[in-house]
Amino acid sequence: MKKLIIVLMAALMLNLPDMGRAQDGGATVDDLSVDMIRSAENATLEEFLWLKRPVVVFADSPADPRYVQQMQYLTSELNALDVRDVVIITDTDPQARSSFREKLRPRGFMLAILDKDGEVKQRKPLPWSVREISRAIDKMPTRQQEINDRTDVLPRG
């Protein structure tokens, strides 16, 4: 399963030629994808509590067109998700019964956006763009507090 996800990610990278280039000296997409995209087999919700916002992508197969499209959306704008402390969890094996699948109980394709407190904030049966995901995250109280805290630290000029 891990090899299939790696092959899928490599195919996505090849189809988006400018994606791997760092802009403004930031991390490259390759660097971010290693840190940000995790398989549900090797992850638990508890390890992300108060640290990351899991965006969980479920499908019954990695060949599901909705899953492929969602992963293209996500990998095309990893920097926007990194700013919002997102970790992408993928689960394309219903037989494995991951802890995420046990908690969220998807039926076929599902996108779930969780906050840092582990609570589900959005469930979607169709792929969402990073812009839509970012807007949903930016409306969360914990994200609003992060923005306010960052603004308070900035010097007034």
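First things first, this report covers the structure right here in the doc. Model, not experiment: these values are computed from the prediction. (Residues numbered from 1 in each chain as written. Predicted model: local features only at pLDDT ≥ 70, side-chain atom pairs only at ≥ 80, totals over all residues. Heavy atoms only, no water.)

## A short note on the pattern of salt bridges
Taken as a whole and assessed by the stated rule, the structure comprises 10 salt bridges. With its nearest N and O atoms 3.1 Å apart, the salt bridge here joins Asp-115 to Arg-53. With Asp-115 in the loop between strand 4 (110–114) and strand 5 (120–124) and Arg-53 in strand 2 (residues 53–58), this residue pair connects regions lying 62 residues apart in the sequence. Exposure remark for Asp-115: the relative accessible area of 2% places this residue in the buried category. Arg-101 is paired through a salt bridge with Asp-91; the nearest N and O atoms lie 3.0 Å apart. Of this pair, Arg-101 sits in helix 5 (residues 99–104) while Asp-91 sits in strand 3 (residues 86–91), placing them 10 residues apart in sequence. Take Asp-91: its relative accessible area is 4%, and that puts it in the buried class. Where salt bridges share partners, they join Arg-53, Arg-84, Asp-85, Asp-115, Lys-116, Asp-138, Arg-143 and Glu-146 into one cluster. (Salt bridge = Lys/Arg side-chain N within 4 Å of Asp/Glu carboxyl O. Helix = DSSP H or I, 4+ residues; strand = E, 2+ residues; numbered from the N terminus. Buried < 20%, exposed > 50% of the residue type's maximum accessible area, 1.4 Å probe, protein only.)

## Looking at the pairing of strand 4
When a strand is regular, its side chains alternate between the sheet's two faces. Most of strand 4 is tucked away: five of the five residues are buried. Burial along strand 4 is two-sided: the face carrying Met-110, Ala-112 and Leu-114 and the face carrying Leu-111 and Ile-113 are both buried. Strand direction decides the pairing type here: strand 2 and strand 4, joined by four bridges, are antiparallel. Counted as the bridge partner of Val-55 is Ile-113 from strand 4. Connecting the antiparallel pair strand 4 and strand 5 is a turn made up of five residues, with Gly-118 showing a positive phi of about 90 degrees. (Pairing = 2+ DSSP bridges.)

## A closer look at the sheet that holds strand 5
Read across the sheet, five strands follow the order 1-3-2-4-5 without closing on themselves; strand pairing throughout is mixed. Looking at which strands have only one partner, the edges of the open sheet turn out to be strand 1 (37–39) and strand 5. Direction aside, the axes of adjacent strands within the sheet are offset by 20 degrees on average. Most of the contacts of helix 6 (residues 130–138) go to strand 4, to which it runs at about 30 degrees, and overall it touches strand 2, strand 3, strand 4 and strand 5. (Axes fitted to C-alpha atoms, helices over the stretch in contact; angles between N-to-C directions. Contact = heavy atoms within 4.5 Å.)

## Details of unusual backbone geometry
In this model, Trp-50 sits at a positive phi of 65 degrees, which is unusual for a non-glycine residue. Positionally, Trp-50 belongs in the loop between strand 1 and strand 2. The phi torsion at Arg-105 lies on the positive side, around 50 degrees, for a residue other than glycine. Examined against the element boundaries, Arg-105 turns out to sit in the loop between helix 5 and strand 4.

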